[in-house]
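Examination of the molecular architecture
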Amino acid sequence: MPASDPYTVQLTPGVHAYIQPDGGWCLNNAGFISDGETTVLVDTAATERRALHLRETLREHGVPLPRIVVNTHHHGDHTYGNAVFTPGATVVGHAACRREVLAAGRQLHLVWPRTDFGDIRVTAPSLTYEERLTLFVGGTEVRLIHPGVAHTAGDTIVHLPEQSVVFTGDLVFNGGTPFLATGSLRGSLRSVEVLRSLGARTVVPGHGPLADPSAYDATERYLRYVARLAEEGHAKGLTPLEVARRADLGEFAAWRESERLVANVHRAYAELNGEPEGSPLDVAAVFGDMAAMNGGVPVACHA
């Protein structure tokens, strides 16, 4: 691993966050909850190498390998490592997460064909739920909550009410630009309200360092900024790329992956055109426009 090695933070006894700096493309966070006998793992990693490092981290902390792996959504950086933990663990996720994992297949290979992902065997959740599911790790209650279509069609919030901890998945990118191409702008705004309603003091985002609930405010400001840009650009007949190129990012300029703005405008346009939330976008057009925003250079996988 490079100097920006993953690191682990104990949030409360038995609850840890696993952070992969700097949270850019394919550098997601994970976490684990254990009572010393049973372990639940929240998300895996984008490569076999990183998933094996995560597995070794569990051993170094003296906890058993997970009986359950929860996927917060279907994207490969959160699911590619599932097979490292199966068949010993059951993979759990929203029903739409299972469908999307199976439909997407080796999704990251298609976007980044030169990246060495290792021995990746696509492993979808084998246990699914629709709205809410509660797990128990010893005496620790672990609530799985589906907020509706948001970052994707199959997002899961992992809430530990007694510990006041929430794993948001990619509903929150702390210090990074949200990515709505496979989800919904309106739904992402609704998901912020769901997260706020939980009242958790410790927020583990899908990417970036640990946060507190102020991360919801920043996320909401960005989403409303995208909505305003898209409404104005759509009314003027501008393309998403034209809108993004003219935009003044202001407080969001320092966030990682600012090129995602154009992908988010694509999603906002789809909703303004009356398309259903989560409806498929033209992936080639979205990533092509992000490359254009990135000076003609395709976005890079950092895993």
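What counts as what
- Residues numbered from 1 in each chain as written.
- Predicted model: local features only at pLDDT ≥ 70, side-chain atom pairs only at ≥ 80, totals over all residues.
- Heavy atoms only, no water.
- Helix = DSSP H or I, 4+ residues; strand = E, 2+ residues; numbered from the N terminus.
- Rg over C-alpha atoms; globule rule 2.2 N^0.38 Å.
- Buried < 20%, exposed > 50% of the residue type's maximum accessible area, 1.4 Å probe, protein only.
- Pairing = 2+ DSSP bridges.
- Contact = heavy atoms within 4.5 Å.
- Axes fitted to C-alpha atoms, helices over the stretch in contact; angles between N-to-C directions.
- Salt bridge = Lys/Arg side-chain N within 4 Å of Asp/Glu carboxyl O.
- Parallel < 35°, antiparallel > 145°, perpendicular 65-115°, else oblique.
- Left-handed = near helix turned anticlockwise from the far one by under 90°.
- Nonpolar A, V, L, I, M, F, W, Y, C, P; charged D, E, K, R; others polar.
- Polar contact = N/O pair within 3.5 Å; in protein donor to acceptor, adjacent residues only side chain to side chain.

1. A short note on the overall build of the protein
Looking only at helices and strands, the protein features ten helices and twelve strands. Relative to the 2.2 N^0.38 estimate, which gives 19 Å for 303 residues, the radius of gyration of the protein is 18 Å and therefore close to what a compact globule would have. In terms of principal-axis extent, the alpha carbons of the protein reach across some 60 × 40 × 35 Å. Counting all 303 residues of the protein, 58% fall into the buried class.

2. A closer look at the pairing of strand β2 (residues 15–19)
With five of five residues buried, β2 lies mostly within the body of the structure. Of the two faces of β2, the one carrying Val15, Ala17 and Ile19 and the one carrying His16 and Tyr18 are both buried. Connecting strand β1 (residues 7–12) to the next strand, β2, in antiparallel fashion are two residues, including Gly14 with a positive phi near 85 degrees.

3. Quick word on the pairing of strand β9 (residues 140–145)
By the criterion of burial, β9 is predominantly enclosed, with five of the six residues buried. Sheet topology note: the strand β8 (residues 132–137)/β9 ladder contains six bridges and is antiparallel. Pairing of Phe136 across the sheet is with Glu141, part of β9. As judged from the three bridges shared by β9 and strand β10 (residues 157–160), these two strands associate in the antiparallel manner. Paired with Ile145 across the bridge in β10 is Ile157.

4. Some thoughts on the environment of Ala153
By secondary structure assignment, the location of Ala153 is in the loop between β9 and β10. Expressed as a C-alpha distance, the spacing of Ala153 and His73, which sit 80 residues apart in the sequence, is 8.1 Å. Excluding its chain neighbours within four sequence positions, the residues that come into contact with Ala153 are His94, Ala96, His146 and Thr182.

5. So, the sheet that holds β1
With respect to topology, seven strands assemble into an open sheet ordered β1-β2-β3-β4-β5-β6-β7, the strand pairing being mixed. Of all strands in the sheet, those bounded by a partner on one side alone are β1 and β7 (127–129). Pairs of neighbouring strands in the sheet enclose a mean axial angle of 20 degrees, with direction left out of account. Sheet analysis places strand β6 (residues 90–94) next to β7, joined by three bridges and oriented parallel. Within the sheet, the bridge partner assigned to His94 lies in β7 and is Tyr129. Against the sheet, helix α4 (residues 95–104) engages β6 and β7, with an angle of about 110 degrees to β6.

6. Some thoughts on the pattern of salt bridges
Applying the stated criterion across every chain yields a total of eleven salt bridges. For Glu277, the salt bridge is made with Arg190, and the minimal N-O distance between the two is 2.7 Å. Highlighted residues: Glu277 in the loop between α9 (260–272) and α10 (283–293) and Arg190 in helix α6 (residues 185–198), separated in sequence by 87 residues. Of the charged contacts in the structure, one is a salt bridge between Arg221 and Glu251, with a shortest N-O distance of 3.1 Å. In this pair, Arg221 is assigned in helix α7 (residues 214–236) and Glu251 in the loop between α8 (240–246) and α9, connecting sequence segments 30 residues apart. A relative accessible area of 40% places Arg221 in the partly exposed class. Given a relative accessible area of 46%, Glu251 falls into the partly exposed group.

7. What about the packing of α6 against α7?
Close contact between α6 and α7 brings their axes to 10 Å; oriented N to C, the two are set at 160 degrees. Compared by their axis directions, α6 and α7 come out roughly antiparallel. Of the two possible hands of crossing, α6 and α7 adopt the one that is left-handed. Contact residues: α6 offers Leu185, Ser188, Leu189, Val192, Glu193, Leu195 and Arg196, while α7 offers Tyr216, Asp217, Thr219, Glu220, Leu223, Arg224, Val226 and Ala227. For the contact of α6 with α7, the per-class residue count stands at eight nonpolar, two polar and five charged.

8. Observations regarding the sheet that holds β9
Strands sit in the order β8-β9-β10-β11-β12 across an open sheet of five strands; the sheet is mixed. Two strands lie at the open edges of the sheet, namely β8 and β12 (202–207), each paired on one side alone. When strand polarity is set aside, the average angle formed by the axes of neighbouring strands in this sheet is 25 degrees.

9. With respect to the side chain of Thr38
With respect to the element layout, Thr38 can be found in the loop between β3 (30–34) and β4 (39–42). Looking at Thr38, its side chain comes within polar contact range of the side chain of Arg67, at 3.5 Å. Excluding its chain neighbours within four sequence positions, the residues that come into contact with Thr38 are Ile33, Pro64, Arg67 and Val137.

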